[in-house]
Amino acid sequence: MAASNAELDYEFLPYLRVYKNGHVERLLGIDSVPAGPDSQTGVSSKDISNIIPDTEVYVRIYVPNISILGNQKLPLVIYFHGGGFCMFTPSSSNYHNYLNTLVSESRIIAVSVHYRRPPEHPLPIAYEDSWQALQWVFSHCNGDGQEPWLNEHANFGRVFLSGDSAGANIAHNLAMAAGSVEPELMVDILGVALVHPYFWGSGSIGSEALYPDKKAHVDRLWSFACPSNPDNDDPRINPMLEGAPSLTSLGCRRVLISVAEKDILKDRGWAYYQALGRSGWMGVVEIQETEGVDHVFHLNNLQCQKSKDLIKNLAHFFNRERPHFL
């Protein structure tokens, strides 16, 4: 029986529908843009599959204008897309266009990671895939990896993790793992840039209770993505919870948090900033709030001034000189 005629099992709108025959119909982020040269920015991209054998995990690598790049080594940003863990890919048009713009503006090398997604692959698979993708990228640090663009142009002394929404959550959790792993990673992570990060908890903070419909939607998301531990106070989604692993373990020396005024997740971003600042972590954390906009506004309108300002702030973060004490 065709999937379109199958009996509906359940739906999680506006994200997806799941049918009793096992078919998952995603409703957002289903368009796909091929990798290749971008005429507007001069950025080139390519897809590398088989990052984890026998899975759909792949990365899309972006470099600025190759014709003028020469032998330059540029900061390396490993990026994790959002979408509630269950939507979008690096080839979705909004992410592909954003990475082209970010790479052009920042003069960086970017590696955009596609991890396996719920409900077919519930958490923690996305974390595990992302960690293995990180290890694959780091295998190029001596210039003898699989991918020439990374061997020739990535500066492994200036490595950053970044992401938006659920992707920012992944970036945080990888940085926590990087600070705790034994033996140590072969590469140090200099910084983490979290854009509108998806953190949550079982109790309301700030203004969250003023938006019951939005709150109900976010309340449901973690249990959908992580049915094996559906508690919204799981430390992976609520790292500020008393008793969660100490943020002093965060394995980087800089953190930039971007929040949006109208985003229901905003207060969690501020709480993370405050908790990290008082935790005893030995790095530098900063936060920036964009007024008058909602969650991941920049992905839908890269040409508006507030999106341009957000990207410029990220570019400055990736290219700022390393403080002497780091």
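Residues numbered from 1 in each chain as written. Predicted model: local features only at pLDDT ≥ 70, side-chain atom pairs only at ≥ 80, totals over all residues. Heavy atoms only, no water.

By the naming in an unreviewed UniProt entry, the protein chain is Probable carboxylesterase 2, taken from Nicotiana sylvestris. Quoted verbatim from the Sequence similarities (unreviewed entry) heading of the UniProt record, the comment on the protein chain is "Belongs to the 'GDXG' lipolytic enzyme family." (UniProt positions renumbered as here; feature names shortened; annotations may be inferred.)

Caption draft 1: Structural detail: the packing of helix 1 (residues 93-106) against helix 7 (residues 305-319). Close contact between helix 1 and helix 7 brings their axes to 9 Å; oriented N to C, the two are set at 55°. Classified by the angle their axes make, helix 1 and helix 7 are oblique. Seen from above, helix 1 lies across helix 7 with right-handed handedness. Seen from helix 1, the contacting residues are Tyr98, Thr101, Leu102, Glu105 and Ser106; seen from helix 7, they are Ile311, Lys312, Leu314, Ala315, Phe318 and Asn319. Taken together, the residues that form the contact of helix 1 with helix 7 break down as six nonpolar, three polar and two charged. (Axes fitted to C-alpha atoms, helices over the stretch in contact; angles between N-to-C directions. Helix = DSSP H or I, 4+ residues; strand = E, 2+ residues; numbered from the N terminus. Parallel < 35°, antiparallel > 145°, perpendicular 65-115°, else oblique. Left-handed = near helix turned anticlockwise from the far one by under 90°. Contact = heavy atoms within 4.5 Å. Nonpolar A, V, L, I, M, F, W, Y, C, P; charged D, E, K, R; others polar.)

Caption draft 2: Layout of the pattern of salt bridges. In total, this model carries 13 salt bridges according to the counting rule given. Put simply, Glu208 and Arg268 hold a salt bridge, and the shortest N to O gap is 2.7 Å. Here Glu208 is found in the loop between strand 9 (191-195) and helix 5 (212-225), whereas its partner Arg268 is found in helix 6 (residues 266-277), with 60 residues between them in sequence. We classify Arg268 as buried; its relative accessible area is 4%. Two residues, Arg236 and Asp234, come together in a salt bridge whose shortest N-O distance is 2.7 Å. It is possible to trace a salt-bridge network through shared partners that takes in Glu11, Arg17 and Glu25. (Salt bridge = Lys/Arg side-chain N within 4 Å of Asp/Glu carboxyl O. Buried < 20%, exposed > 50% of the residue type's maximum accessible area, 1.4 Å probe, protein only.)

Caption draft 3: The pairing of strand 7 (residues 109-114), seen in detail. Among the six residues that make up strand 7, six are buried, leaving the element largely enclosed by the rest of the structure. A two-sided burial pattern is seen for strand 7, the buried positions comprising Ile109, Val111 and Val113 on one face and Ala110, Ser112 and His114 on the other. With five bridges connecting them, strand 5 (residues 58-63) and strand 7 associate as antiparallel partners. Bridging across to strand 7, Val59 finds its partner in Val113. As defined by bridge partners, strand 6 (residues 74-80) adjoins strand 7 across five bridges and the pair is classed as parallel. Each bridged residue has a counterpart across the sheet, and for Val77 the counterpart in strand 7 is Ala110. (Pairing = 2+ DSSP bridges.)

Caption draft 4: How the structure looks around the environment of Tyr19. Mapped onto the secondary structure, Tyr19 falls in strand 2 (residues 16-19). Its relative accessible area of 11% is what places Tyr19 among the buried residues. Sequence spacing of Tyr19 and Ser112 is 93 residues, and the spatial spacing of their C-alpha atoms is 30 Å.

Caption draft 5: Inspection of the sheet that holds strand 6 at higher detail. Spatially, the eight strands line up as an open sheet ordered 4-5-7-6-8-9-10-11, and their pairing is mixed. The sheet is open, and its two borders are formed by strand 4 (44-48) and strand 11 (284-290), each paired with just one other strand. On average, adjacent strands in this sheet sit at an angle of 20° to one another, irrespective of strand direction. Against the sheet, helix 2 (residues 125-138) makes contact with strand 4, strand 5, strand 6, strand 7 and strand 8 (154-164), and its axis sits at roughly 160° relative to strand 6, the strand it touches most.

Caption draft 6: Up close: the packing of helix 2 against helix 4 (residues 166-180). Helix 4 packs onto helix 2 with a crossing angle of 65° between their chain directions and a minimal axis gap of 10 Å. Considering the relative orientation of helix 2 and helix 4, their crossing is right-handed. Residues Ala126, Tyr127, Ser130, Trp131 and Leu134 of helix 2 form the contact with helix 4, whose participating residues are Asn169, Ile170, Asn173, Leu174, Ala177 and Ala178. Residues that form the contact of helix 2 with helix 4 fall into these classes: eight nonpolar, three polar and no charged.

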